[in-house]
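Next come the chains, spelled out residue by residue.
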Amino acid sequence: MKLSDTVALVTGGASGLGAASVRALLERGGYAAILDRPDSAGNELAKDLGPRAIFAPADVTDAEQVARAVRQTVAAFGGLHVLVNCAGVGSAIKITGKQGPMPLELFEMVIKINLIGTFNVARLAATEMLRNTPNPDGERGVLINTASLAAFDGQMGQVAYSASKAGIVGMTLPIARDLGRDGIRCVTIAPGTFDTPLLAMMPGEQRRMLAAEVPFPSRLGRPSEFAALVCHIAENAMLNGETIRLDGALRLPPR
Ligand SMILES: NC(=O)c1ccc[n+]([C@@H]2O[C@H](COP(=O)([O-])OP(=O)(O)OC[C@H]3O[C@@H](n4cnc5c(N)ncnc54)[C@H](O)[C@@H]3O)[C@@H](O)[C@H]2O)c1
């Protein structure tokens, strides 16, 4: 799928990997709707980026709000071809310990935002994509999700986060199979450690240690490198039903 004049909806698009994806899609001549929380920086970012970007405030877990954001995208740009699911939250708490069992509500909250939120936006975006006239290669659209290395090498304290991200990996192939006949693909990226506001909260020493653990290149990933893969997935029709690690050969240790 060519990205020029292509319309994308990017969840978590106000920050980090999502914001970098928005910029990269616009640089290639596309349009982008930034779906993020109403209190995020999405509005300011859309204003900075100009008329090819809009802010579509929504919580990914809310069916009505996301349906409205999809309608807003189509009203502004005339269709929807690419979904980039980046909205997500982390969590760092063991299953149990001195403080007692992990609160069930915390586990549910992480699953709700990362896994159910990703599914909610995917199902509504895919439904909209069904309306597209296929391009000469038969493509109607592509769904790009964001998992994490934690889906495979979950560390201590990552039980909720790892479960949510493994769920995203697990639904990638069945979604691709469900939508194959309609010319809609589904691909997931499993990033290693990227330099975003999510990691900026860590002390400098911890960030340096994380960077040093990456075999090559021994640094944190740049959000632009994630965004470049988003664009490539959209452009390469043979990528489908797969999760791609983007991690400099990093394998996470137990802690
Ligand atoms: N940065 C990394 O190293 C890294 C590594 C692996 C996976 N990831 C994943 O990549 C994705 C993006 O992470 P990031 O580093 O850019 O983080 P980030 O915190 O910079 O951005 C996440 C965005 O998601 C939005 N968001 C959170 N909950 C939401 C909700 N319920 N509804 C709508 N928007 C919501 C936030 O407002 C924020 O703008 C996340 O899913 C994260 O788990 C990041």
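In what follows, the accompanying structure is described. Bear in mind the structure is a predicted one, so any value in this text is a computation, not a measurement.

The rules behind the values
Residues numbered from 1 in each chain as written. Predicted model: local features only at pLDDT ≥ 70, side-chain atom pairs only at ≥ 80, totals over all residues. Heavy atoms only, no water. Helix = DSSP H or I, 4+ residues; strand = E, 2+ residues; numbered from the N terminus. Buried < 20%, exposed > 50% of the residue type's maximum accessible area, 1.4 Å probe, protein only. Pairing = 2+ DSSP bridges. Axes fitted to C-alpha atoms, helices over the stretch in contact; angles between N-to-C directions. Contact = heavy atoms within 4.5 Å. Core = buried A, V, L, I, M, F, W, Y, C linked by side-chain atoms within 4.5 Å. Expected span 1.5 Å × (residues − 1). Arc of directions from axis to C-beta. Polar contact = N/O pair within 3.5 Å; in protein donor to acceptor, adjacent residues only side chain to side chain.

Let us look at unusual backbone geometry. Comment: phi is negative for the bulk of residues other than glycine, and the bulk of peptide bonds are trans. Residues phenylalanine 216 and proline 217 are joined by a peptide bond in cis, for which omega reads -5°. Residue position: proline 217 is located in the loop between α7 (204-212) and α8 (223-235). Even without glycine at this site, aspartate 5 takes up a positive phi of about 65°. Mapped onto the elements, aspartate 5 comes out in the segment before β1 (7-11). We classify aspartate 5 as exposed; its relative accessible area is 52%. The backbone of alanine 249 shows a phi angle near 70°, a positive value even though the residue is not glycine.

The next thing to look at is the sheet that holds strand β6 (residues 184-191). With parallel pairing, the 7 strands of this open sheet are ordered in space as β3-β2-β1-β4-β5-β6-β7. Only two strands of the sheet have a single partner each, and these edge strands are β3 (53-57) and β7 (243-246). Across the sheet, the mean angle separating the axes of adjacent strands is 20° when strand polarity is ignored. Across 6 bridges, strand β5 (residues 141-146) lies against β6 in parallel orientation.

Topologically, glutamate 235 is positioned in helix α8. Glutamate 235 gets classed as partly exposed once you look at its relative accessible area, which sits at 41%. Excluding residues that lie within four positions of it along the chain, glutamate 235 makes contacts with Met1, Leu3 and Arg28.

This paragraph deals with the nonpolar core. Counting residues in each nonpolar core, the largest one holds 36 residues, and the members touching the most others are Leu9, Leu35, Leu83, Met129 and Leu143. Within the residue set of this core, elements represented by two or more residues are β1, β2 (31-36), β3, α3 (63-77), α4 (104-129), α5 (159-179) and β6. No other element matches α4, which puts 9 residues into this core. Non-local contacts of leucine 143, meaning those with residues more than four positions away in its chain, are made with Leu83, Ala122, Ala125, Ala126, Met129, Ile175, Leu179, Ile184, Arg185, Cys186 and Val187.

We now examine α3. Between its terminal C-alpha atoms α3 stretches 21 Å, which fits the 21 Å expected from 15 residues at 1.5 Å a residue. Considered for burial, the residues of α3 that qualify are Val66, Ala67, Ala69, Val70, Thr73 and Phe77. Viewed along the axis of α3, the buried residues span an arc of 160°, placing them on a single side of the element. Turned more than 90 degrees off the buried face of α3, the exposed positions are Glu64, Arg71 and Ala75. As for α3, its buried residues are in contact with β1, β2, β3 and α4. Its side-chain oxygen 3.0 Å from the backbone nitrogen of glutamate 64, aspartate 62 forms the N-cap of α3. In the stretch just after α3, glycine 78 is the one whose phi turns positive, near 85°.

By the secondary structure assignment, glutamine 155 is in the loop between β5 and α5. Sequence-distant contacts of glutamine 155, that is, excluding residues within four places in its chain, are made with Ser162, Leu252, Pro253, Pro254 and Arg255. In terms of polar contacts, glutamine 155 uses its side chain to reach the backbone carbonyl oxygen of proline 253, at 2.9 Å.

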